[in-house]
Amino acid sequence: MYDRPIRLLLVDDDEDDYVLTQDLLADIPDIRFELEWISDPEAALEEMVQTRHDLHLIDYSLGRVDGLSLIQAAVSRGCTTPMILLTGLGGRAVDIGAMRAGAADFLEKWHLDAKLLERSIRYSLQEKQHADELERRVRERTAELARTNEALEAEVADRIRAEEALRAADRRKDEYLSTLAHELRNPLAPIRNALEIMRLAGDASPIIAANRDMIDRQVKHLVHLIDDLMDVARLSRGLIKLKLDTIDVRYVVSTAVESVRPMLAKAEHDLRVDLPDEPLSLRADSTRLAQILHNLLHNAAKFTDPGGVIRLSVERDAEEVVFRVKDDGHGVPGDMIDKIFEMFTQVKQTGDSVASGLGIGLSLVKTLTELHGGRVEARSEGQGKGSEFTVRIPLENPDQDDDSRRVDRK
């Protein structure tokens, strides 16, 4: 059953009990025992805490101390070796006291035999083996959890570093966009001045005049792109501030229409504007609201073939003003309808070609609309079936308690 002798320590002040124990162990078949006997409780305690034995047999009566006290003292000093209390006394009180003190079993001497002693030793050792195995598994699981926790902490640290790197890269991107926009805008001023001087000088041949007008149109287009780029940089850095005032919707619409009229005229688009009969006003930033409508009209013109129809309508719906820009142009593919308001998104046209521009106009529309406390949505039945963009702006935004509102997009 056991591949080595079982080391036992008997603590008993009676030598006859030692001899009796030897005889009982000798009658147990198939198990070898090595029995050590100590009669002095103090010396026995020092030996017990060394845990050099597999099991301790403790007599209840040890002269000036009892076996329960010795067991308690050994347990308090870290002894984990199983202990069996031997006593000539019977009774439930001693049995319960033995269990509470930390004994593995309790045996009464007056009817002790080899079979009973062997069973008690075997059960006590098995319980110790099970406890040791459980403790080993707990240690292994604890170590595994510690390793997992370390790995998770390392992963979290890596993610934090990655997020910090992304934020730093995003800041550098915003700074780069701002710098790029300013650097691109600087040379445009002298170019526009030169074009104006050329126009004032007059006496230009038709070819020179045509090319001058072409340069003027391209410069204006470039100014528009750079202005959008600068707005993106400001929005990314939280620097856009609305200047709120009570404004006339008709004035904002006329401003937006005039800004895109040259583009509409060039493509011979039919622009139809539908305004309410009664005057309509709301609290908003007129410049930014006109920019919203300009970008929507510009987008509609860009994606509508020459001669197409673009409709701009305005109406009041409860406590909101609703602006709709609808066209009969190329439409938006179903897989792009939820993406077109994302920065730098461009929709494919015929084949693999994409529209010109930076892909930031609709992103600006969404952000500026939300700054006003509003919302924007797009609808399209698919390619070739046109598009409709709806912007809803509240008449009075309850969050606006002063004349300006700032966006923080950090």
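The text that follows walks through the structure, step by step, so that each part is easy to find. (Residues numbered from 1 in each chain as written. Predicted model: local features only at pLDDT ≥ 70, side-chain atom pairs only at ≥ 80, totals over all residues. Heavy atoms only, no water.)

1. Observations concerning the sheet that holds strand β6 (residues 83-87)
Item 1. Strand order across the open sheet formed by five strands is β2-β1-β3-β6-β7, with parallel pairing between neighbours. Where the open sheet ends on each side, the last strands, each with one partner, are β2 (33-38) and β7 (105-108). For this sheet, the mean angle separating the axes of adjacent strands, direction not counted, is 20°.
Item 2. Both strand β1 (residues 6-11) and β2 contribute to a ladder of six bridges, which runs parallel. Directly across from isoleucine 6, in β2, lies its bridge partner phenylalanine 33.
Item 3. The sheet strands contacting helix α1 (residues 15-26) are β1, β2 and β3 (55-59), and the helix crosses β2 at an angle near 175°.
Item 4. Strand contacts of helix α4 (residues 92-101): β6 and β7, with the helix running at about 150° to β7, the strand carrying the most contacts. (Pairing = 2+ DSSP bridges. Helix = DSSP H or I, 4+ residues; strand = E, 2+ residues; numbered from the N terminus. Axes fitted to C-alpha atoms, helices over the stretch in contact; angles between N-to-C directions. Contact = heavy atoms within 4.5 Å.)

2. Notes on the sheet that holds strand β15 (residues 387-394)
Item 1. Here five strands make up an open sheet; going across it, the order is β10-β12-β13-β15-β14 and the pairing mixed. The sheet terminates laterally at β10 (270-274) and β14 (375-379), the two strands that pair on one side only. Each strand of the sheet is rotated relative to its neighbour by a mean of 15°, with strand direction disregarded.
Item 2. Along the sheet face, helix α9 (residues 286-302) touches β10, β12 (309-317), β13 (320-327) and β15 and points at about 20° away from the line of β13.

3. Let's talk about helix α2 (residues 41-48)
Item 1. Those residues of α2 not exposed but buried are Pro41, Ala44, Leu45, Glu47 and Met48. End-on view of α2: buried residues confined to an arc of 165°, all on one side of the axis. (Buried < 20%, exposed > 50% of the residue type's maximum accessible area, 1.4 Å probe, protein only. Arc of directions from axis to C-beta.)

4. Things to note about the pattern of salt bridges
Item 1. For the structure on display, the rule yields 27 salt bridges.
Item 2. For arginine 137, the salt bridge goes to glutamate 133, with nearest N and O atoms at 3.1 Å. Remark: glutamate 133 and arginine 137 occur in helix α5 (residues 114-185); sequence separation between them is four residues, near one turn of the helix.
Item 3. We classify arginine 137 as exposed; its relative accessible area is 52%.
Item 4. Ionic pairing is found between glutamate 135 and arginine 139, a salt bridge with its closest N-O pair at 3.2 Å. Here arginine 139 and glutamate 135 lie together in helix α5, a separation of four residues that amounts to about one turn. (Salt bridge = Lys/Arg side-chain N within 4 Å of Asp/Glu carboxyl O.)

5. A few points about the packing of aromatic side chains
Item 1. For the structure on display, the rule yields two aromatic pairs.
Item 2. An angle of 10° between the planes, with centres 4.8 Å apart, marks the rings of tyrosine 18 and tryptophan 37 as stacked. Here tyrosine 18, found in helix α1, pairs with tryptophan 37, found in strand β2; they are 19 residues apart in sequence, far enough to count as distant.
Item 3. Look at tryptophan 37 and you get partly exposed, because its relative accessible area is 28%.
Item 4. Arranged with centres 6.1 Å apart and planes meeting at 85°, the rings of phenylalanine 341 and phenylalanine 389 form a pair that is edge-to-face. Separated by 48 residues along the polypeptide, phenylalanine 341 in the loop between β13 and α10 (361-371) and phenylalanine 389 in strand β15 bring together distant segments of the chain. Here the two residues phenylalanine 341 and phenylalanine 389 agree in accessibility, since each one is buried. (Phe/Tyr/Trp six-rings, centres within 6.5 Å; stacked < 30°, edge-to-face > 60°.)

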